[in-house]
Structures are given as C-alpha cells and as structure tokens.
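Structural overview for review
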Amino acid sequence: MTSWFLAPAWPRVLPFALFLLVLAARGLPVWDGLPIDSRWLYAVQAGLALAALIAYRRQYSELNAARRPAASSWLFALVAGIAVFGLWIGLDWDFATIGEPQAAFVPLDHEGKLVWSLVVVRIAGAALVVPVIEELFWRSLLMRWLDSRDFLALDPARVSARALGLSALVFGIEHPQWLAGLIAGLVYGELYRRSGNLWVPIAAHALTNLLLGIWVVATGAWHYW
C-alpha cells in the first residue's frame, strides 16, 4: 500500500469500512436459526465505527482545526437537511431505486409492537455516527482526493465540479435510493465547498437521518432502513 493510504486516508476509511463489513455480515444466512437477534448487530456496526473514530480522533484535522463557519452556513445546513429528507421520501420511484425495496431493519416484536431499545439504537447510530464516518470518507477524503492525492492540503473551496459530481454519483449508487443519494451527495459536498467546515455537511446529514428515522418509525416504511 502507498504511504498516502496508510497515513492520512486510513483513519477516514477504517470507520466506514468497519460499518460496511458488519452490514454485510448482518445479511448472511448464518444467523438463521441461532438464538441471536441479528438486529442488534446494528449496535455492533455503530459501536465499531465509533470506536475507530475515537481511536483516530486526533488525526481528523478537518474536524479539530476547521475554520469557524458563518452563521449562514448553519442555516444552509438546516435547510439542506430538511430538503434532502423531503427528497429521500419524495423520490421513492421505481427507476430511482436499485433493486426491490426491502425492510432490512424492522424493530418490531412478535406482537407487532415497537422495540424502543432497537429504535433508539438505530436512530442514534444513523444520526450521530453515520454522518461523521460518511462525511469523513465521501467528502473530506474521496471528493478532495479526486483532485489531489494530498487531499488534506486541498482547501474544500477549490474542489472541482468534476470531483463533486463523481463523489456524489458513487455516494448515490451506494444507497438503494440512488437518485436521492446522488442529490444528497451534491448538496452535502457543496455545503463543504462553500463553508470550508466539515461539521456543516455533518450537521445537515445528521438532521436528514434523524428526520428520516422519525418518519420511518411513525409510518412503518421500514424499507428505508
């Protein structure tokens, strides 16, 4: 492996990679028939990612030494977070979705009642952990790396439209709702370019995920989970 991957990139890859590995493990048939509720593996996902974030916390210069954003940036984050949530549930069309919608995480017991401990774990992970690991990987690392291998030295304001578009495209394909994901990637990336502070897209991303989680629980649209 090259030194750029081992040094600055690895702390931004590992939390995201751990999250995806456990996600893949959750879908394996090995859990069938075992006295284990595989839904609790989401807590393992979020926990491992959080542990990696804590372990590498001193290496996140974009979080620790970011310039203070203007008040308008936080307002844009608020509006963007709400708008992306609206798009996420509004663009749930067949052509804008990869594969058949599946309810991958249904926090109900055998009587059809909500298991609130599962709900809390899921929403907390989605709103507090996922935005940090994804923005570190997709925006801080990948989007800037597409323009410069020395990505930490690249001012977010200098990120090209090409890098913004390509990173948003891959971000969209990562999600079943690829069109909504693509737009979300463009919005979060542009927030980072304009504010120069990764906490701004993290805040927008967190708000989107929080609102989506509340909406999923309220409506029972489990296929978003």
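Before reading on, note that the structure itself is shown above.
So, here's what we can say about the structure.

The rules behind the values
Residues numbered from 1 in each chain as written. Predicted model: local features only at pLDDT ≥ 70, side-chain atom pairs only at ≥ 80, totals over all residues. Heavy atoms only, no water. Helix = DSSP H or I, 4+ residues; strand = E, 2+ residues; numbered from the N terminus. Rg over C-alpha atoms; globule rule 2.2 N^0.38 Å. Buried < 20%, exposed > 50% of the residue type's maximum accessible area, 1.4 Å probe, protein only. Contact = heavy atoms within 4.5 Å. Axes fitted to C-alpha atoms, helices over the stretch in contact; angles between N-to-C directions. Parallel < 35°, antiparallel > 145°, perpendicular 65-115°, else oblique. Left-handed = near helix turned anticlockwise from the far one by under 90°. Nonpolar A, V, L, I, M, F, W, Y, C, P; charged D, E, K, R; others polar. Expected span 1.5 Å × (residues − 1). Arc of directions from axis to C-beta.

Observations concerning the overall build of the chain
A count of helices and strands for the chain gives eight helices and zero strands. Listing each helix as α and each strand as β along the chain from the N terminus yields α-α-α-α-α-α-α-α. Here the chain has a C-alpha radius of gyration of 18 Å; the compact-globule value for 225 residues is 17 Å, and the two agree. Taken along the three principal axes of its C-alpha coordinates, the chain extends 55 × 35 × 30 Å. Residues counted as buried form 45% of the 225 residues belonging to the chain. For the chain, restricting intrachain contacts to residue pairs at least 6 apart in sequence, the fraction spanning at least 24 positions comes to 73%.

Side note on the packing of helix α6 (residues 161-174) against helix α7 (residues 178-195)
Where α6 meets α7, the axes come as close as 7 Å, and the angle between the chain directions of the two elements is 140°. Between α6 and α7, the angle falls in the class oblique. Seen along the crossing, α6 lies across α7 with a hand that is right-handed. Counted together, Ala161, Leu164, Gly165, Ala168, Leu169, Phe171, Gly172 and Ile173 of α6 and Trp178, Gly181, Leu182, Ala184, Gly185, Leu186, Gly189, Glu190 and Arg193 of α7 form the full contact between these two elements. Its residues assigned to classes, the contact of α6 with α7 shows 10 nonpolar, five polar and two charged.

Observations concerning the packing of helix α5 (residues 116-145) against helix α8 (residues 199-219)
Packing of α5 against α8 brings their axes to within 9 Å, and their N-to-C directions diverge by 150°. On the basis of the axis angle, α5 is roughly antiparallel to α8. You can see that α5 and α8 cross each other, and the crossing is right-handed. Here α5 contributes Trp116, Val119, Ile123, Ala126, Ala127, Val130, Pro131, Val132, Glu134, Glu135 and Arg139 to the contact with α8, which in turn contributes Pro201, Ile202, His205, Ala206, Asn209, Leu210, Gly213, Ile214 and Val217.

A short note on helix α2 (residues 41-55)
One turn of an α-helix holds 3.6 residues; hence residues three or four places apart share an orientation. Here α2 contains 15 residues, and its C-alpha end-to-end distance of 21 Å stays within 8% of the 21 Å for a straight helix at 1.5 Å per residue. Taken together, the buried positions of α2 are Leu41, Tyr42, Gln45, Ala46, Ala49, Ala52 and Leu53. One side of α2 holds all its buried residues, which, seen down the axis, span an arc of 150°.

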